[in-house]
Amino acid sequence: MKNIKKRLLKRQRHPFIKRAKWWFRDKWDWFRRLKWWQKTLLIGGPIITVALIIPLLTFTYFALTMGDVESLMNRNNTGVVLKDIHGDTFYSVGTAEHRELVPLSDISKTTQQALVASEDRNFYEHGGVSILSTLRAVYGYVFSGGGEFGGSTLTQQLAKMTLLSRDRGFLRQYQAFSVALAIEQRYSKDDILAMYLNAAYFGNNSFGIEQAAKNYFNKTPAKLTLAESSMLIGLLPAPSVYSPVAGDKSLAAERQAEVLKRMVRENMITEAQRTSAMKTKLAYQPPAVIKNDAPHFTEMVLSELYEKYGEETVERSGYQVTTTLDLKLQRQAVDNVKNQVTYIKNMGGSNAGLIAVDPKTGEIRALVGSVDYNNKNWGKVNMATTKRQPGSTFKTIYYSAALADGVITPATILKDEAINIGGYKPQNATRRYYGNVTIRQALARSLNIPAVKVMQQYGIGRSIDAAKKLGITTLDKDASDYGLALAIGAAEVPLQEMTNAYAAFANEGQLRENTTVHEIQDKYNKAIYKHESKSEQAISSQGAYLISSILSDQNARSFMFGSSLSVYGKTVAVKTGTTDDNRDAWAIGYTPDIAIGVWVGNNDNDTMVSGGADMAGPIWRATMQAAIGNANPSFSRPDGIAERFVCYGTGGLASGAGSNTYKEWFLISALPTTSCAAAPVEKKEETKKPEEETPTTPTAPDPSEEETPDPTDPTEEEPTDPTTPTDPTTPTIPENPGTP
């Protein structure tokens with residue numbers, strides 16, 4: 001004993017890790033000296049205890065529920081309620097009223113037989129559980145990463161409705177196992193079958209066979225035919241997928257055939273009856289149409305919920321969902337689109353889409369998927385999420401990256417001239433050239449040739465990487481597959497992704513993933529989910545500031561667009577885009593608080609008469625005005641940005657202000673390397689600022705060399721505002737083109 005104490009005291013002088021190592025070694029030596037039955041009891045005892053306690057606790061917890069048929073079926077207070085960010089309801093479906101149980105005598109015999117044959121052919125023989133099926137489910141969980149192996153009895157499935165969880169892990173299977181045994185002890189087989197048919201979810205917001213018969217076939221359960229019964233029972237494994245009205249009709253037919261085949265195998269029907277049922281043409285009730293101010297947004301929310309939690313769980317749980325939608329802004333956006341529809345149609349267009357995103361959270365505040373949700377040809381296509389060519393709106397993606405990396409500056413001068421790069425001959429929309437222009441002027445005026453030169457200098461591959469960092473997922477080809485036509489928007493990108501990329505510029509370069517859901521509670525007010533916004537630095541804050549400085553420079557933009565895109569008295573960044581033959585018209589802009597994107601065009605890609613500023617611009621401008629309200633947004637200048645005087649025509653750094661200088665913003669690490677002298681300012685006589693190089697109109701090309709326009713080569717938008725200078729031979733130079 002003294003030796004043990006002496007050894008322990010000696011160990012106390014050693015580090016904790018070493019003492020812990022000795023302790024575990026002593027315990028292992030002790031365990032090894034135990035007899036085999038002692039080891040078995042030591043390990044198996046706790047496992048057996050837990051295995052016995054779980055069903056006992058589960059049974060105790062649901063003891064009161066067992067005697068209440070309605071609670072056991074868990075079919076009331078079902079459905080979904082969607083609210084906007086301020087708590088105003090805009091979509092509600094489901095029921096809270098008490099419904100009487102439909103007895104088996106009022107349910108078609110073929111429906112009962114179809115259910116038993118398809119879901120649990122030994123229903124009337126087993127005691128509520130299937131050991132083989134349970135072991136198969138456990139095997140699937142252990143060896144297949146929790147895969148859904150199914151095979152539960154009808155009683156176990158009824159138990160899972162009470163447990164109300166989508167988890168298919170071992171614990172839930174075990175709990176359902178014990179609850180199923182308790183149900184079998186209390187109710188008869190016919191009672192269980194009736195409860196199941198009254199509680200099962202058939203999709204199409206149908207809980208129980210009564211709602212299913214009405215919603216799908218407009219009849220009572222007693223009048224369901226063999227063909228109708230087999231179709232409905234076939235929906236049970238995945239109602240939204242197999243639905244013949246909202247899902248895949250071919251899959252629905254396959255499921256119906258499988259149910260009928262099993263009924264033949266169980267001698268419930270003959271082969272002739274099966275054949276007749278398969279040939280029967282079923283007449284379905286039309287699906288419910290979403291009737292609110294945001295039908296496409298509603299579809300997006302429901303799709304997100306169903307994918308994450310499962311349709312039955314969402315509907316049966318009575319989810320109360322606070323979405324990210326701002327109903328006031330949504331209604332204003334809808335009105336703005338409607339107000340432009342007549343003009344859009346007169347100009348050869350037919351459809352429009354809009355999305356508004358909060359840059360600070362990524363939450364979608366407004367979404368218009370089409371001008372007419374009920375249009376049978378394309379109304380339900382969500383143009384906010386559909387890929388289209390973005391035209392000149394794509395220029396900001398690689399311009400911003402080149403600015404952030406110091407490859408170019410807002411004062412960098414490029415020559416707008418005729419070019420031929422391996423047979424690629426881009427042109428400006430005006431078919432004119434404007435000589436030497438700064439990067440600020442080139443982007444603000446949406447000139448194509450300088451844009452191609454910027455991408456050529458920065459690199460197509462780096463431009464694609466920059467787009468991916470900004471959340472654009474559709475550029476999945478090699479750089480060589482796109483070529484320099486990518487510079488003017490030749491690839492397809494959804495409006496949502498383009499707008500969210502611009503939202504990153506608004507948020508100091510931080511990109512946030514879009515979401516439609518803010519928080520969720522179930523029918524018992526239990527918190528299910530709350531959105532927590534996470535961001536990634538997609539571009540430096542300095543790069544975001546420089547691109548915002550250019551896009552918000554109304555003075556630089558007015559040369560080509562006049563005041564058509566201005567929001568009076570507000571600092572707003574905006575860029576428009578138009579693809580070849582005016583097939584797509586875009587306008588995307590932002591403040592630090594909101595980013596709004598608009599697309600106008602035709603779903604069949606037909607041509608229009610006008611482009612981005614004229615077609616999408618008015619919708620964007622009106623919606624942005626509504627979103628800003630009385631606020632006075634401004635972009636915060638980050639560290640690492642400096643304002644310097646530079647000389648007109650050279651872009652060189654000047655020692656100070658002069659009659660030949662203007663102010664411009666730069667990365668501190670990418671200041672111009674050349675210098676120039678500032679000309680003195682004469683006080684008495686107004687000094688005329690040097691003018692730009694006079695643009696020249698290219699001579700008419702040789703018809704034999706004239707290139708046929710490439711329909712995949714988009715061009716930037718035409719000037720649309722009547723106040724815009726239209727004679728490119730006499731351009732005006734802004735008073736201070738460098739002022740952001």
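Residues numbered from 1 in each chain as written. Predicted model: local features only at pLDDT ≥ 70, side-chain atom pairs only at ≥ 80, totals over all residues. Heavy atoms only, no water.

Scanning the protein for helices and strands turns up 28 helices and 20 strands. Counting the 740 residues in the protein, one finds 53% classified as buried. Taking all contacts inside the protein whose residues are at least 6 apart in sequence as the whole, residues at least 24 apart take part in 71%. In the structure as shown, the protein presents an accessible area of about 35000 Å², 51% of it carried by carbon and sulfur atoms. (Helix = DSSP H or I, 4+ residues; strand = E, 2+ residues; numbered from the N terminus. Buried < 20%, exposed > 50% of the residue type's maximum accessible area, 1.4 Å probe, protein only. Contact = heavy atoms within 4.5 Å. Areas by Shrake-Rupley, 256 points an atom, 1.4 Å probe, with all protein chains shown as cover.)

All chains considered together, the criterion is met by 15 aromatic pairs. Both rings, one in Tyr216 and one in Phe217, keep their centres 6.4 Å apart while their planes meet at 45°; by these two values the pair is tilted. Of the two residues examined, Tyr216 and Phe217, each falls in the buried class. Between the aromatic rings of Phe394 and Tyr398, the centroid separation amounts to 6.1 Å while the plane-to-plane angle is 50°, which identifies the pairing as tilted. Note on Phe394: relative accessible area 1%, which makes it buried. In textbook terms, an aromatic cluster arises when at least three aromatic residues are bridged by ring pairs, as seen for Tyr502, Phe505, Tyr590 and Phe635. (Phe/Tyr/Trp six-rings, centres within 6.5 Å; stacked < 30°, edge-to-face > 60°.)

Moving on, we come to the sheet that holds strand S4 (residues 351-357). Reading across from one edge, S5-S4-S16-S15-S14 is the order of the 5 strands in this open sheet, with antiparallel pairing throughout. Where the open sheet ends on each side, the last strands, each with one partner, are strand S5 (364-368) and strand S14 (573-578). Within this sheet the neighbouring strands show an average axis-to-axis angle of 5°, counted without direction. In this structure, S4 lies alongside strand S16 (residues 595-601), joined through 7 bridges in antiparallel fashion. Bridging across to S16, Leu354 finds its partner in Val598. (Pairing = 2+ DSSP bridges. Axes fitted to C-alpha atoms, helices over the stretch in contact; angles between N-to-C directions.)

Right, let's talk about the pairing of S16 for a bit. In terms of burial, S16 is a largely internal element, 7 of the 7 residues being buried. Judged by which residues are buried, S16 turns out to be covered on both faces: Ala595, Gly597, Trp599 and Gly601 on one side and Ile596, Val598 and Val600 on the other are all buried. Where strand S15 (residues 584-590) and S16 come together, 7 bridges link them in antiparallel fashion. Each residue of the ladder has a partner; that of Ile588, found in S16, is Gly597. Following S15, the chain reverses through 4 residues before pairing antiparallel with S16.

Turning to helix H21 (residues 448-458), a few remarks are in order. Note: α-helices contain 3.6 residues per turn, so residues at a spacing of three or four share the same orientation. In terms of burial, H21 is largely enclosed, as 9 of its 11 residues are buried. Residues of H21 that are buried: Asn448, Ile449, Pro450, Ala451, Val452, Lys453, Val454, Met455 and Tyr458. Looking at the residues trailing H21, positive phi occurs at Gly459, about 110°.

As a further point, take the packing of helix H14 (residues 249-265) against helix H15 (residues 271-279). The interhelical angle for the contact between H14 and H15, taken along N-to-C directions, is 165°, at an axis separation of 9 Å. One way to sum up the angle between H14 and H15 is to call them roughly antiparallel. Judged by the sense of rotation from one axis to the other, the crossing of H14 with H15 is right-handed. Contacts between H14 and H15 involve Ala253, Gln256, Ala257, Leu260, Lys261 and Val264 from the first element and Glu271, Arg274, Ala277 and Met278 from the second. Here the residues of the contact of H14 with H15 are counted per class, giving 6 nonpolar, 1 polar and 3 charged. (Parallel < 35°, antiparallel > 145°, perpendicular 65-115°, else oblique. Left-handed = near helix turned anticlockwise from the far one by under 90°. Nonpolar A, V, L, I, M, F, W, Y, C, P; charged D, E, K, R; others polar.)

Contact geometry of helix H19 (residues 395-404) with helix H24 (residues 495-506) gives a least axis separation of 10 Å together with a crossing angle of 30°. Our classification of the angle between H19 and H24 gives roughly parallel. Read as a crossing pair, H19 and H24 show a hand that is left-handed. Residues Thr396, Ile397 and Ser400 of H19 form the contact with H24, whose participating residues are Met498, Ala501, Tyr502 and Phe505.

All told, the structure shown has 1 disulfide when counted by the stated rule. A sulfur-sulfur distance of 1.8 Å marks the disulfide that ties Cys647 to Cys676. Here Cys647 and Cys676 share a disulfide; its torsion about the S-S bond, 95°, makes the bridge right-handed. One end of the pair, Cys647, is in strand S17 (residues 641-647); the other, Cys676, is in strand S20 (residues 675-676), with 29 residues separating them in the sequence. Across the pair, Cys676 and Cys647 agree in class, each one buried. (Disulfide = S-S within 2.5 Å.)

Counting 127 residues, the largest nonpolar core has Leu305, Phe394, Tyr399, Tyr590 and Val600 as its most contacted members. With 8 residues, the top contributor of residues to this core is H24. Leave out the neighbours within four places in its chain, and Val600 touches Ile344, Asn351, Ala352, Arg583, Asp584, Ala585, Met608, Met615, Ala616 and Ile619. Core analysis: the next-biggest nonpolar cluster, separate from the first, contains 44 residues, Leu115, Leu158, Ala159 and Ala227 among them. (Core = buried A, V, L, I, M, F, W, Y, C linked by side-chain atoms within 4.5 Å.)

As a further point, take a nonpolar patch on the surface. A grouping of Trp36, Trp37 and Leu41 is seen on the molecular surface, where their side chains present a nonpolar patch of about 430 Å² in accessible area. Of note, Leu41 is situated in helix H3 (residues 36-61). (Patch = residues over 30% accessible without salt bridge, like charges linked within 9 Å, V, L, I, M, F, W, Y side chains within 5 Å. Salt bridge = Lys/Arg side-chain N within 4 Å of Asp/Glu carboxyl O.)

Across the 5 residues that make up S5, a large majority, 5, are buried. Relative to S5, S4 is paired through 4 bridges, and the arrangement is antiparallel. Residue pairing for S5: Leu354 is matched across the bridge by Val368. From the end of S4 to the start of S5, which pair antiparallel, there are 6 residues, and Gly362 there has a positive phi angle of about 80°.

Moving on, we get to the environment of Tyr196. As for its position among the elements, Tyr196 is in helix H10 (residues 189-199). Sequence separation between Tyr196 and Ala159 is 37 residues; the distance between their C-alpha atoms is 9.7 Å. Those residues within four positions of Tyr196 in sequence are excluded, and the remaining contacts are Leu115, Leu154, Gln157, Leu158, Met161 and Leu236.

The next thing to look at is the confidence of the model for the protein. Of all residues in the protein, 80% have pLDDT values of 70 or greater, and the mean over the chain is 84. Of the regions scoring below 50 in pLDDT, residues 143-150 engages in 16 contacts with residues more than four places distant in sequence or in other chains. Counting interchain partners and residues more than four positions distant, the pLDDT-below-50 stretch residues 689-740 has 124 contacts. (pLDDT = per-residue confidence, 0-100.)

What follows is about a negative patch on the surface. A cluster of acidic residues, Glu304, Glu307, Glu513 and Glu536, forms a negative patch at the surface. You can see Glu307 is positioned in helix H16 (residues 295-309). (Lys, Arg positive; Asp, Glu negative; His and termini not counted. Charge placed at Lys NZ, Arg CZ, Asp CG, Glu CD.)

Turning to the pattern of salt bridges, a few remarks are in order. Under the counting rule described, the total for this entry stands at 19 salt bridges. For Arg331, the salt bridge goes to Asp293, with nearest N and O atoms at 2.8 Å. Of the two residues, Arg331 is situated in helix H18 (residues 327-346) and Asp293 in the loop between H15 and H16; the sequence distance between them amounts to 38 residues. Residue Asp293 is classed as partly exposed on the basis of its relative accessible area of 33%. Taking the shortest distance from any N to any O, the salt bridge between Arg462 and Asp405 comes out at 3.2 Å. Linking Arg462 in helix H22 (residues 460-469) with Asp405 in the loop between H19 and strand S7 (413-416), this pair joins segments that are 57 residues apart in sequence. Judged by its relative accessible area of 41%, Arg462 is partly exposed. One network of salt bridges, with partners in common, ties together Arg121, Arg265 and Glu266.

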